[in-house]
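Coordinate inspection notes
Now for the letters of each chain:
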Amino acid sequence: MKRIIRVTFIIIIFLTLFFGLQRLVTPKYETNLVEGHMIKEYYDEEKNHEVIFIGDCEVYANISPMVLWQEEGITSYVRGNSQQLIWQSYGLLQETLNYEIPKVVVFNVNSMRYSKPVSEAYNRLMLDNMKWSKEKISIINSSMLEEENLITYLFPIFRYHSRITELTKEDFTYFFKDQNVTYNGFLINKEVKPYTSFPTERKLVNYDFSDDNYHYLDLIRELCEKNNIKLVLMKAPSIYPYWYDEYEENITNYANKYNLDYYNFKNVVEEIGIDYQTDTYDGGEHLNLSGATKLSKYVAHLLKDNYELNDYRNDDKIKEIYDEKLREYQEECDK
Amino acid sequence: MTKKIILLTMLITTILLNTACGKETKNESSTEKPYSFTVNNLTFELGSEFNAEDYGEYVDYSETSSCAFDGLDKTYTYDHYEITTYPKEDKDYIYSIYFLDLDVKTSEGVAIDDSKDKMIETYGDKHEEEDGFYIYTKDKTQLRFGLQNDKIISIEYLYI
């Protein structure tokens, strides 16, 4: 009996040290590379969203759920990550549906152009803070580069142990503490960098999206159909990277084939009021707070007019939650 | 017993740390000289440091950023080609050389609008094919030809 107690005690000590050390050496993504923090913020949310946006930086930089709330009382969340590839979007949608079933899922189609994982660094930003689930394992397996190992994603200490000599103040400050960096998945950027010029448009030989990407788009569509969710496709406004006419044709054909709504907001930047001299923080790749607010107002009205969404400003319980969020959001916007 | 458990856990951790740091990547040492591009007596070495002032006047300049990471890719447009650099520790290194028209040739004499036969004749048939591109790789550099109807429509050098 004594021996069992002793062994149990040692195992507990070992696990505490192991997970404590893991927590210490894993990047916190609170003040640096904050994009790595976004995925975990969803887990603590009240799961009452009628609209979920899925996609890459073109959603988390450009769509502000707080504006959707202000304008039309829409409850929404952005589940987007840097360079989020389509199979990652599919996995994230599956994970989301484990928590809630929205009325509308809006998928940003920019990632259709990428058929391979880009780098370990982007995988890490998305996956380090994702909760363990079968969807996570599936995303890891589809995203890992040749030189990567599954175990380093399940136990990040095996990837980051060498950081023990490079720890920063952030690692200690946020060892226990955790603070949100987004507002329902929207990452505020207030900088202004006007459009000047971009590299010459590269000539491609084949403008078709890969079969794999179409397969994942099919899976997203089927998953939405199965759950009685309206799937909407969107392309955020941006000047670069170039969205070729052939890409536009591919998506339009897909949307027509399956009777999906597709909105390319690039085509209506004037109507939205976006000015690439003032409304972008990187010369035209992403919108800044001013641009995102304009786009989000437009999207709010479009969603409200077309998808029978509720105005939750009449629901006291939800209103209370969103009023608090809105107060914090406005404070941050006004800073 | 206690010592055994501690030793065992330390051993397991050490083994895992050593095995999980990353699969061994193939480090094929190549004796081949990497691709480089020479024009008007100027040579551009892929992956080497780039200082725009060393290469004459450019006609356009642009910057692009990544979604999350610091640093800017810089693109210098010259009359017939474009040089793109990537940042590393406050310096810029050549990442891509992209041909803009027919008036410039690879160091081995192949240009846009040349035939596939000329490309094979010059660079051989040891290439990979990806999305319509014919890719020749030497060391950490690639020479990528876009082909349509057996004609070259694009040429780009890349550092990989």
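Criteria and cut-off values
- Residues numbered from 1 in each chain as written.
- Chains lettered and ligands numbered in written order.
- Predicted model: local features only at pLDDT ≥ 70, side-chain atom pairs only at ≥ 80, totals over all residues.
- Heavy atoms only, no water.
- Phe/Tyr/Trp six-rings, centres within 6.5 Å; stacked < 30°, edge-to-face > 60°.
- Helix = DSSP H or I, 4+ residues; strand = E, 2+ residues; numbered from the N terminus.
- Buried < 20%, exposed > 50% of the residue type's maximum accessible area, 1.4 Å probe, protein only.
- Disulfide = S-S within 2.5 Å.
- Pairing = 2+ DSSP bridges.
- Axes fitted to C-alpha atoms, helices over the stretch in contact; angles between N-to-C directions.
- Contact = heavy atoms within 4.5 Å.
- Patch = residues over 30% accessible without salt bridge, like charges linked within 9 Å, V, L, I, M, F, W, Y side chains within 5 Å.
- Areas by Shrake-Rupley, 256 points an atom, 1.4 Å probe, with all protein chains shown as cover.
- Salt bridge = Lys/Arg side-chain N within 4 Å of Asp/Glu carboxyl O.
- Lys, Arg positive; Asp, Glu negative; His and termini not counted.
- Charge placed at Lys NZ, Arg CZ, Asp CG, Glu CD.
- pLDDT = per-residue confidence, 0-100.
- Nonpolar A, V, L, I, M, F, W, Y, C, P; charged D, E, K, R; others polar.
- Core = buried A, V, L, I, M, F, W, Y, C linked by side-chain atoms within 4.5 Å.
- Right-handed = clockwise from strand over helix to strand, strands pointing away.

**A short note on the packing of aromatic side chains**
Residues and elements named next belong to chain A. Taken as a whole and assessed by the stated rule, the structure comprises 52 aromatic pairs over all chains. With a centroid separation of 5.1 Å and 70 degrees between ring planes, the pair formed by Tyr-207 and Tyr-244 is classed as edge-to-face. Of this pair, Tyr-207 sits in the loop between α10 (169-173) and α11 (211-226) while Tyr-244 sits in the loop between β4 (230-235) and α12 (245-257), and the two are 37 residues apart along the sequence. For Tyr-244, a relative accessible area of 9% corresponds to the buried category.

**Digging into the state of the cysteines**
Scanning all chains against the criterion turns up zero disulfides over all chains. Cysteine A:Cys333 shares no disulfide, and the gap to the nearest cysteine sulfur, in A:Cys57, comes to 20 Å.

**Let's talk about the sheet that holds strand β2 (residues 76-80) of chain A**
Residues and elements named next belong to chain A. Within the open sheet, the five strands sit side by side as β2-β1-β3-β4-β5. Their pairing is parallel. Bordering the open sheet on either side are β2 and β5 (261-264), each of which pairs with just one other strand. Going across the sheet, the axis of each strand differs from the next one's by a mean of 20 degrees, ignoring polarity. Relative to strand β3 (residues 104-108), strand β1 (residues 51-55) runs parallel, the two being bridged by four bridges. Bridge pairing in β3 links Ile-54 to Phe-107.

**Thoughts on the side chain of A:Asp128**
Residue and element names in this part refer to chain A. Structurally, Asp-128 can be placed in the loop between α6 (120-127) and α7 (134-143). Exposure remark for Asp-128: the relative accessible area of 9% places this residue in the buried category. Sequence-distant contacts of Asp-128, that is, excluding residues within four places in its chain, are made with Tyr-29, Lys-136 and Tyr-160.

**Here's the deal with a nonpolar patch on the surface**
Residues and elements named next belong to chain A. A cluster of nonpolar residues, Met-1, Ile-4 and Ile-5, forms a patch on the protein surface that exposes about 380 Å² of accessible area. Along the chain, the position of Ile-4 falls in helix α1 (residues 2-25). On the basis of relative accessible area, Ile-4 is assigned to the exposed category, the value being 55%.

**Observations regarding a negative patch on the surface**
A surface patch of negative charge is lined by A:Glu201, A:Asp245, A:Glu246 and A:Glu249. Among the structural elements, A:Glu249 can be located in helix α12.

**Quick look at the confidence of the model for chain B**
Residue and element names in this part refer to chain B. Mean pLDDT over chain B: 85, with 81% of residues reaching 70 or higher. The low-confidence segment residues 24-29, where pLDDT is below 50, has one contact with residues more than four positions distant or belonging to other chains. Here the predicted complex carries an ipTM of 0.81, next to a pTM of 0.91.

**Quick notes on the interface of chain A and chain B**
Each partner contributes to the interface: chain A provides 39 residues, whereas chain B provides 40 residues. Summed over the shared surface of chain A and chain B, the result is four salt bridges. At the level of secondary structure, the elements contributing two or more residues to the side of chain A that touches chain B comprise α1, α3 (57-60), α6, α8 (150-154) and α9 (157-160) of chain A. For the side of chain A that touches chain B, the element with the most residues is α1(A), which contributes five residues. Grouping the constituent residues of the side of chain A that touches chain B by class yields 17 nonpolar, nine polar and 13 charged.

**Considerations on the pattern of salt bridges**
Applying the stated criterion across every chain yields a total of 27 salt bridges over all chains. Between B:Glu63 and A:Lys193 there is a salt bridge, with its nearest N and O atoms 2.8 Å apart. Of the two residues, B:Glu63 sits in strand β3 (residues 60-65) while A:Lys193 sits in the loop between α10 and α11, which places them in two different chains. Taking the shortest distance from any N to any O, the salt bridge between A:Arg327 and A:Glu331 comes out at 2.7 Å. Here the residue A:Arg327 and the residue A:Glu331 both occupy positions in helix α15 (residues 316-334), the gap between them amounting to four residues, near one helical turn. Judged by its relative accessible area of 41%, A:Arg327 is partly exposed. A:Glu331 gets classed as partly exposed once you look at its relative accessible area, which sits at 46%.

**A few points about the nonpolar core**
Residues and elements named next belong to chain A. Counting 47 residues, the largest nonpolar core has Phe-107 and Leu-233 as the members making the most contacts within it. Not counting residues within four places of it along the chain, the set of residues in contact with Phe-107 comprises Ile-54, Ile-86, Ser-89, Leu-217, Ile-220, Leu-231, Val-232, Leu-233 and Met-234. Val-59, Ile-74, Val-269 and Tyr-276 belong to the second largest nonpolar core, which has 44 residues in total.

**Points about the pairing of β5(A)**
Residues and elements named next belong to chain A. With four bridges connecting them, β4 and β5 associate as parallel partners. Bridging from a neighbouring strand, Val-232 pairs with Asp-261 of β5. For the handedness criterion, the β-α-β arrangement of β4, α12 and β5 is classed as right-handed.

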